[in-house]
Amino acid sequence: MFTERTSVGLDVHARSVAAAAIDGVTGELVQAKLTPSHEHIRAWLGDLPGPVAVAYEAGPTGFGLSRSLNAAGIRCEVVAPSKLQRPAGDRVKTDARDAVHLARLLRLGEITPVTVPTVEQEAARDLVRAREDARGDLVRARHRLSKLLLRQGYIYSGGQAWTGAHDVWLRRTGAQLDSAATRLTFESDYDAVLTVKARRDRLDSSRAASPLEPAADAVQLDDILAQTYAQLLTTPDVQRQVAARVPNSSPGELDAAVSVEVIPATRLLEIAALDPSPRRAQQLANTYAEVFVEAQQASLTRATRARLDRLNRAAAPHGLTFGPDPATIRQCCLGGMIGNNSCGARSLVYGKTGDHVHTLDCVLHDGGHAHFGPVARDSVAGMAGVEGELARKVLGLLEPERERIVSRYPKVPRRVSGYN
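Conventions adopted
Along each chain, the written sequence defines residue order, and numbers are assigned to residues from 1. The predicted nature of this model means local features are confined to residues of pLDDT at least 70 and side-chain atom pairs, given and counted, to a pLDDT of 80 or more, with totals for whole chains, interfaces and linings taken over all residues. With hydrogens and water set aside, each side-chain value is computed from the structure's full complement of heavy atoms. Joining through side-chain atoms within 4.5 Å is the link that ties buried Ala, Val, Leu, Ile, Met, Phe, Trp, Tyr and Cys residues into a set, and such a set is a nonpolar core. Note on exposure labels: buried denotes an accessible area under 20% of the residue type's maximum, exposed denotes more than 50%, and partly exposed covers the range between, all computed with a 1.4 Å probe on protein chains only. Contact criterion: two residues are considered in contact whenever any of their non-hydrogen atoms come within 4.5 Å of each other. Starting at the N terminus, helices and strands are each numbered in turn, a helix being any DSSP run of H or I of at least four residues and a strand any DSSP run of E of at least two. Here the term patch refers to residues with relative accessible area over 30% and no salt bridge, with like charges joined within 9 Å and nonpolar side chains (Val, Leu, Ile, Met, Phe, Trp, Tyr) within 5 Å. Methods summary: accessible areas were calculated by the Shrake-Rupley approach with a probe of 1.4 Å, and residue burial reflects only the protein chains presented. Put simply, a salt bridge is a Lys or Arg side-chain nitrogen that is within 4 Å of an Asp or Glu carboxyl oxygen. Whenever a helix is involved, its axis is fitted only over the stretch in contact; in every case the axis is a line through C-alpha atoms, and angles between N-to-C directions fall within 0 to 180 degrees. Oblique is the label for every angle not falling under 35 degrees (roughly parallel), over 145 degrees (roughly antiparallel), or within 65 to 115 degrees (roughly perpendicular). By convention, the crossing between two helices is left-handed when the near helix turns anticlockwise from the far helix through less than a right angle, and right-handed when the turn is clockwise. The residue classification treats Ala, Val, Leu, Ile, Met, Phe, Trp, Tyr, Cys and Pro as nonpolar and Asp, Glu, Lys and Arg as charged. All others, Gly included, are polar. In this description, strands pair whenever DSSP reports at least two bridges between them. Viewed with both strands pointing away, a crossover whose connecting path from the first strand over the helix to the second turns clockwise is right-handed. Note on aromatic pairs: the rings of Phe, Tyr and Trp (six-membered ring only in Trp) are paired at centre separations within 6.5 Å, and the planes decide the class, stacked below 30 degrees, edge-to-face beyond 60, tilted for the rest. pLDDT measures how confident the predictor is about each residue, on a scale from 0 to 100. It is the directions from the helix axis to the C-beta atoms that the arc portrays.

Asks: What is the right way to read the nonpolar core from this model?
Replies: Note on soluble globular proteins: their nonpolar side chains tend to be buried together. Core analysis: the biggest nonpolar cluster contains 19 residues, and Val8, Leu10, Trp44, Leu45 and Val54 have the highest contact counts within it. If we ignore the near neighbours within four places in the chain, the residues touching Val8 are Ala20, Ala21, Trp44, Leu45, Leu48, Val52, Ala53, Val54, Ala55, Ala103 and Leu106. Ranked by size, the runner-up nonpolar core spans 13 residues in total, among them Ala141, Leu149, Phe186 and Val196.

Asks: Explanation requested: the environment of Leu127 in the structure shown.
Replies: Mapped onto the fold, Leu127 is located in helix H4 (residues 119-151). Residues Leu127 and Asp204, 77 residues apart in the sequence, show an inter-C-alpha distance of 9.5 Å.

Asks: Can you walk me through a nonpolar patch on the surface in this structure?
Replies: A contiguous nonpolar patch, built from Leu348, Val349 and Tyr350 and spanning about 360 Å² of accessible area, is present on the exposed surface. By secondary structure assignment, the location of Leu348 is in helix H14 (residues 347-350).

Asks: What should I look at first to understand the environment of Phe63 in this one?
Replies: Counting through the fold element by element, Phe63 comes out in the loop between strand S4 (52-57) and helix H2 (64-71). Along the sequence, Phe63 and Thr115 sit 52 residues apart, while their C-alpha atoms lie 9.8 Å from each other. Residues contacting Phe63, with those up to four places away along its chain left out, are Tyr56, Val78, Val114, Thr115, Val116, Pro117, Glu122 and Arg125.

Asks: What exactly am I supposed to notice about the packing of helix H1 (residues 38-46) against H2 here?
Replies: To characterise two packed helices, one gives the angle between the axes of the helices and the distance between these axes. Interaxial distance between H1 and H2 falls to 10 Å at its minimum, and their mutual angle equals 45 degrees. Relative to H2, the element H1 lies oblique. For the crossing formed where H1 meets H2, the hand is right-handed. Where H1 approaches H2, its residues His38, Ile41, Arg42 and Leu45 are matched on the opposing element by Gly64, Leu65, Ser68 and Leu69. Each residue belonging to the contact of H1 with H2 can be placed in one class, and the counts come to 4 nonpolar, 3 polar and 1 charged.

Asks: Where do I start with the pairing of strand S5 (residues 75-79) in this structure?
Replies: Within a regular beta strand, the side chains point alternately toward one face of the sheet and then the other, so they alternate between its two faces. Two elements, S4 and S5, share 5 bridges in a ladder whose sense is parallel. Each bridged residue has a counterpart across the sheet, and for Ala55 the counterpart in S5 is Glu77. In this fold, S4 hands off to H2, which returns the chain to S5; that crossover is right-handed.

Asks: How should the pattern of salt bridges be read in this particular structure?
Replies: Throughout the structure, instances matching the rule amount to 17 salt bridges. The closest approach of N and O atoms between Lys197 and Asp201, which form a salt bridge, is 3.1 Å. Here the residue Lys197 and the residue Asp201 both occupy positions in helix H6 (residues 180-204), the gap between them amounting to 4 residues, near one helical turn. The partner of Lys393 in a salt bridge is Glu389, with the nearest N and O atoms 3.5 Å apart.

Asks: Sorry if this is basic, but what is going on with the packing of aromatic side chains here?
Replies: Ring pairs (aromatic) are described by centroid distance and by the angle formed between their planes. Under the counting rule described, the total for this entry stands at 2 aromatic pairs. Measuring from ring centre to ring centre gives 5.2 Å for Tyr156 and Trp169, while their planes differ by 55 degrees; the resulting arrangement is tilted. Here Tyr156, found in the loop between H4 and helix H5 (164-176), pairs with Trp169, found in helix H5; they are 13 residues apart in sequence, far enough to count as distant. Neither Tyr156 nor Trp169 differs from the other in exposure class; each is buried. Geometrically, the ring pair formed by Phe186 and Tyr190 is stacked, given 5.8 Å between the ring centres and 10 degrees between the ring planes.

Asks: How should the packing of H5 against H6 be read in this particular structure?
Replies: At a minimum axis distance of 9 Å, the contact between H5 and H6 shows a crossing angle of 155 degrees. Looking at the two axes, H5 sits roughly antiparallel to H6. Packed against H5, whose contacting residues are Asp167, Leu170, Arg171, Gly174 and Ala175, the element H6 presents Arg183, Phe186 and Tyr190 at the interface. Of the residues contributing to the contact of H5 with H6, the split by class is 4 nonpolar, 1 polar and 3 charged.

Asks: Can you walk me through the confidence of the model for the protein in this structure?
Replies: Detailed reading of the predicted model is not advised wherever pLDDT is low. The pLDDT averaged across the protein works out to 76; a share of 74% of its residues lies at or above 70. Below a pLDDT of 50 lies the segment residues 256-285, which in the model reaches 61 contacts outside its immediate sequence neighbourhood of four places, other chains included. Here residues 295-304 is a poorly scored stretch, pLDDT under 50, and it has 1 contact once near neighbours within four places are set aside; other chains count.

Asks: What exactly am I supposed to notice about the sheet that holds S5 here?
Replies: What holds strands together in a sheet is hydrogen bonding between their backbones, with the strands either parallel or antiparallel. Ordered in space as S3-S2-S1-S4-S5, the 5 strands form an open sheet in which the pairing is mixed. Whereas interior strands pair on both sides, the edge strands pair on one side only; in this sheet they are strand S3 (29-34) and S5. Strand-to-strand twist across the sheet, computed as the mean angle between neighbouring axes with direction ignored, equals 20 degrees. As judged from the 6 bridges shared by strand S2 (residues 17-23) and S3, these two strands associate in the antiparallel manner. Looking across to S3, one finds that Val17 is bridged to Leu34.

Asks: How should unusual backbone geometry be read in this particular structure?
Replies: In terms of backbone geometry, most residues other than glycine have negative phi values and most peptide bonds are trans. Backbone torsion omega between Gly50 and Pro51 reads -5 degrees, so that peptide bond is classified as cis. Structurally, Pro51 is set in the loop between H1 and S4. Although it is not a glycine, Trp162 sits at a positive phi angle of roughly 60 degrees. One can find Trp162 in the loop between H4 and H5.

Asks: Please clarify how helix H12 (residues 308-315) should be interpreted in this entry.
Replies: The periodicity of an α-helix, 3.6 residues per turn, causes residues three or four places apart in sequence to face the same way. Looking at H12, one finds that the buried residues are Leu308, Asp309, Asn312 and Ala315. Down the axis of H12, the smallest arc covering the buried residues is 125 degrees, so these residues share one side. Contacts from the buried residues of H12 go to helix H13 (334-340).

Here it is in structure tokens:
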């Protein structure tokens, strides 16, 4: 509810501020054109009948004016522009009219304020955004360089791109380009990649003061984000959201999950907004739950999973490679490839994953162990243990539909998950 005598709307720009004030007692409307100087604005507000409340739209000028006015004892609200009500037929838009409109909405209590971050939180936001900009610039620079070489017929096939080995290949390939103009273009694009990568790495290793403890010594950006999110994620509402998504979770487990180990800084950099508003808290709760579950799953599989690109890098010095090569070679694990019999561009020559699997030692869903290998169909009925039980269940599902599968399923030499 609006309690002040005078409501003020400010339309703030980089070089000017349009101001409008409505006196709730006399109904008088006072308008002025001000400079963006905080001292000038405070002096003008001081001449109005008090107490005074101010509103202006969130925008590129930031939150400095709001902090300055609130520090001077003047209530100032920063308004979400997308939430402002405006008559459908009102098509004339000027700075002065916008200021009056804000003053009226403030008096009516029809504004939606945004959370004003602290100086330290805003600095952390800027740092996160700068890092994200550098990441995007690096992706584009690498794309330009790789597509330049692709147009010249050069394709890297020595494993994962943008590694030390790939960098050696890039420099060697660039020196082999025939045209002087193409070599100059390559050098320009290659330098751009190095420059942007160095900028990203500097941001990753930067130090800043913690937004939670402004007087503390400088700490790593990772610690800033981890501490800030730890503060937000341990609120009761967020904890309830997490508990609802993670079955059988105890309060101690949830508290332990809010840590640098469980929520890595790389993930925080992707979702960081440092805004403790209810809407953001809800988003954080969802993310927290996802990260918590992912961390638990990763802790179970990290020791045993083997990624295909790592396997091929280890096998390359011996002149070996695993034939099937899905497009997701840098993400797929051998367990998943075995599960759906993955193929790839070379599977027509080297076969699918199933062609290279002889026996399997497996850990089952209940923690039990099983060994699977070739078995004659007529011996399945007499097989003992969990292997026999599973084999009989599989045959029980397939045998009734065997003739239809054999007659109708297409003879495709690619991935044929489910019917192999």
